[in-house]
Amino acid sequence: MPSTPRTTVVGGGLAGLTAAITAAEAGGRVTVHESHHTLGGRAHTCEGTYKTNEGPHALHTGGPLWTWLAQRDLIGPLAPVPPVEATRVRLHHHGALRRTPPLAMLKLLRHKAERAPVEKDFLSWATALVGEEGARAAAHYAAVATFHHAPGSLSARFVQERLRRAAKLPPEVAYPRGGWASVIDRMAAYAWNLGVRMETLTRVDRLADVAQEGPVVVATSLDAARRLLGDDSLRWESGRTTLVDVAFRSRRGDAFVVSDLDRTGRLERCTARDRTLAPAGEQLVQAQIPLAPDETESDGVARAEHLLDLGFPGWHERLTWRRSSVADGRTGAVDRPGTTWRDRPAIDRGHDVYLAGDQVAAPGLLSEVSFNSAMEAVSLALTKSLLDLKSTSG
């Protein structure tokens, strides 16, 4: 009887590890190739004095990824938000910090995502329901889940789904203690115990570079997959965002979250929920400021500093550490009017090659797209392997 084919996974991030675990649990032999010396991809947490993720990261408790991780005991300790911090959420609206959102924005949250049209842009659709001011505020708030500079220009269905989930009360987000690396470490250990072979520092530039004994799951960024597969059609729009990390000495009265409703952008004091992310007596704040095509990293930093001035008075004098960067095409897919997740690059690329990642044809919110696409990729690969096995043995 033919031996079980080996599944090759290119990329050791969340999608790659999900694919590897799923294939191994089905009894397959699996090898993961990761170009970096550590696993995790964008879910990597920087080690050192300040433990930072590459931009905001959270687990959404209402999604399939949460259930899958929980079933395998891979979530680990969580860092809950203290109730008092909920009173320190601020909204930047009409140039000032406010405690409550516009009433029109709250009215918009009553509408289910399924009622929002795919073919219409969010701003036009929402303006017809609650007026332009509430529609713009809601669109800007939704940037926390889109990483896009103009969410109002995107599909109404796409934005409304993310708006409702981002504004849900009680919140459906959970934060692994110690950053996302703690989850990645548990996934990697679980995969190792299943017999998955991990090969780090192995860059794959051509499929011919790996021994293709069976299906290949390409779990990289879409840009990397396009180069690897030589397929110029592997394109989809993503966000472009300035990421700003700052640490400063603690002071009573600092905000927990500052969300910009006048434009797009958000700051969060991560140490409010997880003190292990910075030294004692210091606070770590991470900001994401979506950039328009004509904006630079410096423009994003300036906008972040303005929000810091409002929410954390005197932060300059208390500063102990800072850094900034730009995430370009690394913040998940965004859907324009007339498109849905089904229109993104297909998972099955033919010739036993499959895509997984956050910009391909799978549903979900942010990391859930990576998870769902990885599950679908392995399901398609295993189904094909079974059919091939039956045809050769029959």
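Right above here is the structure, for reference.
Quick caveat: nothing in here was measured; it's all calculated off a predicted structure. (Residues numbered from 1 in each chain as written. Predicted model: local features only at pLDDT ≥ 70, side-chain atom pairs only at ≥ 80, totals over all residues. Heavy atoms only, no water.)

A.B. asks: I'd like a description of the overall build of the chain, backed by residues and values.
C.D. replies: Secondary structure assignment for the chain yields eleven helices and 14 strands. Considering only C-alpha atoms, the chain reaches an extent of 70 × 50 × 40 Å along its principal axes. Counting over 394 residues, the chain shows a buried share of 53%. Taking the contacts inside the chain whose residues are at least 6 apart along the sequence as the reference set, 73% of them involve residues at least 24 apart. Accessible surface, the chain: about 17,200 Å² in total, of which carbon and sulfur atoms supply 53%. (Helix = DSSP H or I, 4+ residues; strand = E, 2+ residues; numbered from the N terminus. Buried < 20%, exposed > 50% of the residue type's maximum accessible area, 1.4 Å probe, protein only. Contact = heavy atoms within 4.5 Å. Areas by Shrake-Rupley, 256 points an atom, 1.4 Å probe, with all protein chains shown as cover.)

A.B. asks: Before we move on, could you go through unusual backbone geometry and cite the residues and values that matter?
C.D. replies: Even without glycine at this site, His94 takes up a positive phi of about 55°. Locating His94 in the fold gives a position in the loop between strand S4 (89–93) and strand S5 (96–98). Even without glycine at this site, Leu366 takes up a positive phi of about 55°. With respect to the element layout, Leu366 can be found in the loop between strand S14 (353–355) and helix H11 (367–393). Assessed through its relative accessible area of 26%, Leu366 is described here as partly exposed.

A.B. asks: Give a description of the sheet that holds S14 that names residues and reports values.
C.D. replies: Spatially, five strands are ordered S7-S2-S1-S8-S14 in an open sheet, and the strand pairing comes out parallel. Looking at the sheet topology across the chains shown, the edges are occupied by strand S7 (197–200) and S14. Averaged over all adjacent pairs, the angle separating strand axes in this sheet is 20°, with direction ignored. One ladder, built from five bridges, connects strand S1 (residues 6–10) with strand S2 (residues 29–34); its direction is parallel. Residue Val9 lies in a different strand from S2, and its bridge partner there is Val32. (Pairing = 2+ DSSP bridges. Axes fitted to C-alpha atoms, helices over the stretch in contact; angles between N-to-C directions.)

A.B. asks: Explain helix H8 (residues 222–229) residue by residue, including any values.
C.D. replies: Every buried residue of H8 is listed here: Leu222, Ala225, Arg226 and Leu228. With its buried residues spanning 165° around the axis, H8 presents them on a single face. Of the surrounding elements, those touching the buried residues of H8 are S1, strand S8 (216–218) and S14. Directly after H8, the chain includes Gly230, whose backbone phi takes a positive value near 60°. (Arc of directions from axis to C-beta.)

A.B. asks: Could you give me a rundown of the layout of surface pockets, with the residues and numbers involved?
C.D. replies: The computed volume of the second largest pocket comes to approximately 420 Å³. Along its surface, the second largest pocket is lined by 19 residues, and Ala113, Glu114, Arg157, Glu161 and Arg162 are the ones closest to its centre. Partitioned by chemical class, the residues of the lining of the second largest pocket number five nonpolar, four polar and ten charged. (1 Å grid on protein atoms, 1.4 Å probe; cavity = no way out; pocket = protein on both sides within 12 Å on 5 of 7 lines; lining within 4 Å. Points joined across faces, edges and corners; volume = space filled by probe spheres on them. Nonpolar A, V, L, I, M, F, W, Y, C, P; charged D, E, K, R; others polar.)

A.B. asks: Summarise the sheet that holds S5; cite the residues concerned and give the values.
C.D. replies: The seven strands are arranged S5-S4-S10-S11-S12-S9-S13 in an open sheet whose pairing can be described as mixed. The sheet is open, and its two borders are formed by S5 and strand S13 (319–333), each paired with just one other strand. Taking the axes of each pair of neighbouring strands and ignoring which way they run, one obtains an average angle of 20° across the sheet. Where S4 lies against strand S10 (residues 257–260), four bridges are found, and the strand directions are parallel. Bridge pairing links Arg90 to Val258 in S10.

A.B. asks: Quick one: what's the story with empty space enclosed by the protein, residue by residue and with numbers?
C.D. replies: Using the criterion set out here, one finds three cavities of 30 Å³ or more in the structure. When its volume is computed, the largest cavity comes out at roughly 90 Å³. By volume, the second largest cavity is sized at about 70 Å³. Taken together, 13 residues form the lining of the second largest cavity, with Phe158, Arg162, Gly332, Ala333 and Leu366 sitting closest to its centre. For the lining of the second largest cavity, the secondary structure elements donating two or more residues are helix H6 (156–166) and S13. No other element matches S13, which puts three residues into the lining of the second largest cavity. In terms of residue class, the lining of the second largest cavity is made up of six nonpolar, four polar and three charged.

A.B. asks: Account for the packing of aromatic side chains, naming residues and giving values.
C.D. replies: Per the stated rule, a full pass over the model turns up four aromatic pairs. Lying over the aromatic face of Tyr175, Arg273 brings its terminal NZ or CZ to 3.7 Å of the ring centre. (Phe/Tyr/Trp six-rings, centres within 6.5 Å; stacked < 30°, edge-to-face > 60°. Lys NZ or Arg CZ within 6 Å of the ring centre and 35° of its normal.)

A.B. asks: Describe in detail the environment of Leu307, supporting the description with residues and values.
C.D. replies: Its location among the elements puts Leu307 in helix H9 (residues 297–311). In this structure Leu307 comes out as buried when scored by relative accessible area, which is 2%. Expressed as a C-alpha distance, the spacing of Leu307 and Thr271, which sit 36 residues apart in the sequence, is 18 Å. If near-sequence neighbours (up to four positions away) are discounted, Leu307 is found in contact with His92, Val258, Asp260, Leu267 and Ile289.

A.B. asks: Could you give an account of helix H7 (residues 181–193), with specific residues and numbers?
C.D. replies: With 13 residues, H7 should reach 18 Å at 1.5 Å per residue; the first-to-last C-alpha distance of 18 Å fits that figure. Of all the positions in H7, only Ala181, Ser182, Val183, Ile184, Met187, Ala188 and Ala191 are classed as buried. Where the residues of H7 are buried, they touch helix H1 (14–25), helix H2 (64–71) and S7. (Expected span 1.5 Å × (residues − 1).)

A.B. asks: Account for the pattern of salt bridges, naming residues and giving values.
C.D. replies: Any two side chains of opposite charge can pair, on the condition that their charged atoms come close. Evaluated as defined, the whole model comprises 25 salt bridges. Across the pair Glu54 and Arg330 runs a salt bridge whose closest N-O atoms are separated by 2.8 Å. One end of the pair, Glu54, is in the loop between S2 and strand S3 (59–60); the other, Arg330, is in strand S13, and 276 residues separate them in sequence. Measuring nitrogen to oxygen at the nearest pair gives 2.9 Å for the salt bridge that ties Asp335 to Arg344. Overlapping salt bridges, with partners in common, bring together Arg165, Lys168, Glu172 and Glu368 in one network. (Salt bridge = Lys/Arg side-chain N within 4 Å of Asp/Glu carboxyl O.)

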